[in-house]
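Chain by chain, the residues:
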Amino acid sequence: MITRDLGWIDPARYGRTHSGYRTERALSTFARHIRLQRPVEVYDQASVGNCVAQACAFGAVMVAMRQGYPAERPDRTDLYHVGRQAIGTVAEDSGCIGADVLARMKLNGWRAEVTPPSTFFDESYLTPPPPLPDNAPRLVNYEPLAIDVPTLLWELTCGHPVVAGMRITTQWERPGEVIGPPEGDTVGGHMVCFDGFQIEGDRVQIRVANSWSASWADGGEAWLD
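Residues numbered from 1 in each chain as written. Predicted model: local features only at pLDDT ≥ 70, side-chain atom pairs only at ≥ 80, totals over all residues. Heavy atoms only, no water.

A. Local environment of empty space enclosed by the protein. Inspection of every chain in the model, using the stated rule, returns one cavity of 30 Å³ or more. When its volume is computed, the largest cavity comes out at roughly 30 Å³. Y43, Q54, A55, F58, M191, V192, C193, A209, N210 and S211 are the residues that line the largest cavity. Counting residues per element, the ones that place at least two in the lining of the largest cavity are α1 (51–66) and β4 (186–200). Taken together, the residues of the lining of the largest cavity break down into seven nonpolar, three polar and no charged. (1 Å grid on protein atoms, 1.4 Å probe; cavity = no way out; pocket = protein on both sides within 12 Å on 5 of 7 lines; lining within 4 Å. Points joined across faces, edges and corners; volume = space filled by probe spheres on them. Helix = DSSP H or I, 4+ residues; strand = E, 2+ residues; numbered from the N terminus. Nonpolar A, V, L, I, M, F, W, Y, C, P; charged D, E, K, R; others polar.)

Right, dumping it as structure tokens:
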């Protein structure tokens, strides 16, 4: 049984409605297999509910690598702080909303991570991040997407990593190389980064980069039906 916390908060809890870009493309128009270049390191949130910060940092490194910039990881402790600050829960290991973290990464940028996040919720998570310089690296853009398989495949085909929040079930605690249709009890909200897909007939599987260490599933990743 995994003892890690989860941490993604559904924006609907705060009265925020999700809407996003949608593309209309048939499955037959996509390549059968796409994998984006990803960081070598597998992230591990351990017992802290900072999956949003983990997933957003992972995606930012992938974007930097694709654009030819150094694979400099954003400070995940800082990102979790600004995410909790946005919803007023700085003093708690409360989880946060992905869109809030991405908005801060675009508006203010980030500092490079020097010290990995603590594996338990301690004083480091309560310390406000230092002011960022004007030339801090930033996201040029990010885009909310419709919750729609062709749209997701299109973004991955274009080389864009996708971070996604979802409610997960107990099957995530004991995965093989593939996570099938949802089964078991819901254990909470979680955020991951998608970095590829494969199609066989009508079956589509998305590659999930998780933040539960390299011991999870297939070296820290799994295929999601």
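B. Expanded view of the side chain of N50. On the secondary structure map, N50 appears in the loop between β1 (33–35) and α1. Since its relative accessible area comes to 1%, N50 is described here as buried. Apart from residues lying up to four places away in sequence, N50 is in contact with L6, Q45, Y80, P117 and Y125. (Buried < 20%, exposed > 50% of the residue type's maximum accessible area, 1.4 Å probe, protein only. Contact = heavy atoms within 4.5 Å.)

C. Region of interest: unusual backbone geometry. Of note in this structure, A46 is not a glycine but carries a positive phi near 55°. By secondary structure assignment, the location of A46 is in the loop between β1 and α1. Accessibility expressed as a relative area gives 15% for A46, which makes it buried. In the Ramachandran plot, S213 falls in the positive-phi region, its phi being about 80° despite a non-glycine side chain. When you line up the elements, S213 lands in the loop between β5 (203–209) and β6 (221–224).

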